Amino acid sequence: MIQFSLKCAEDHRFDSWFQSAEAFEKLRARSMVTCAVCGSDEVEKALMAPRVRSSRKDAPDGAPPQAAGGALSKPASPAEQAMAELRRKIEENSEYVGGNFAREARDMHDGVTPERAIYGEARPEEARKLLEEGVPVAPLPFIPGRKSN
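1. As for helix α3 (residues 101–109)
Those residues of α3 lying buried are F101, A102, E104, A105, D107 and M108. Where α3 is buried, its residues contact β4 (95–98), β5 (118–120) and α4 (124–132). Phi for G111, located one or two positions after α3, is positive at around 80°.

2. Examining the packing of aromatic side chains
Taken as a whole and judged by the stated rule, the model has four aromatic pairs. For the pair F18 and F24, a centre-to-centre distance of 5.0 Å together with 75° between the ring planes defines the contact as edge-to-face. Just as F18 is buried, F24 falls in that class too. Seen from their ring centres, Y96 and Y119 are 5.3 Å apart, and the 55° between their planes marks the pair as tilted. Taken as a pair, Y96 in strand β4 and Y119 in strand β5 lie far apart in primary sequence, 23 residues in all. Here Y119 falls in the buried class, since its relative accessible area comes to 2%. Each member of the aromatic cluster is reached from another via a ring pair, and the members are F4, F18 and F24. Lying across the ring of F4, K45 places its NZ or CZ 4.3 Å from the centre.

3. Describing the pattern of salt bridges
Here the structure, examined in full by the defined rule, presents 14 salt bridges. As a salt-bridge pair, E85 and K89 come within 4.0 Å of each other at their nearest N and O atoms. Of this pair, E85 and K89 are both found in helix α2 (residues 78–93), four residues apart, which corresponds to roughly one turn of the helix. Owing to a relative accessible area of 32%, E85 belongs among the partly exposed residues under this scheme. Among the charged side chains, a salt-bridge network with shared partners connects E85, R88, K89 and E92.

4. Some points on the sheet that holds strand β2 (residues 13–18)
The antiparallel open sheet is built from three strands, whose spatial order is β2-β1-β3. The outermost strands of the open sheet, each flanked by one partner alone, are β2 and β3 (43–45). For this sheet the average axis-to-axis angle between neighbouring strands, irrespective of direction, equals 45°. In this structure, strand β1 (residues 2–8) lies alongside β3, joined through three bridges in antiparallel fashion. Within β3, the position partnered with L6 by the bridge is K45.

Conventions adopted
- Residues numbered from 1 in each chain as written.
- Predicted model: local features only at pLDDT ≥ 70, side-chain atom pairs only at ≥ 80, totals over all residues.
- Heavy atoms only, no water.
- Buried < 20%, exposed > 50% of the residue type's maximum accessible area, 1.4 Å probe, protein only.
- Helix = DSSP H or I, 4+ residues; strand = E, 2+ residues; numbered from the N terminus.
- Contact = heavy atoms within 4.5 Å.
- Phe/Tyr/Trp six-rings, centres within 6.5 Å; stacked < 30°, edge-to-face > 60°.
- Lys NZ or Arg CZ within 6 Å of the ring centre and 35° of its normal.
- Salt bridge = Lys/Arg side-chain N within 4 Å of Asp/Glu carboxyl O.
- Pairing = 2+ DSSP bridges.
- Axes fitted to C-alpha atoms, helices over the stretch in contact; angles between N-to-C directions.

Here is the structure:
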């Protein structure tokens, strides 16, 4: 997994995780990477600073404490706050269907099951096929937490 800092044509900035740099390029080429703030699919990598952890003995007195993993904690940006709120609303108002997302979405579209708000996981090929079939789906700007029950 790799995390990229991204920005859209409107200069909104946000971070997202991808399986690899190649996966990011493939998703972007298919307009499946969208701005977390405005939804634009005109997204590109932004300039990123490497995250380097200094040793504790090199840290000056009064240095801020480090969070788990060595990253320094910082206040959430407005975009991060908006993403957290979006995630909260989706999780509160939708049913998590996990890896059954493509089947559930298709069944609702075909009238086999009643319509309801769902979210879950689908392979890129499954999502592409749903879109080709006219099933209204959209990628989430976050990875859903797996639920065991």
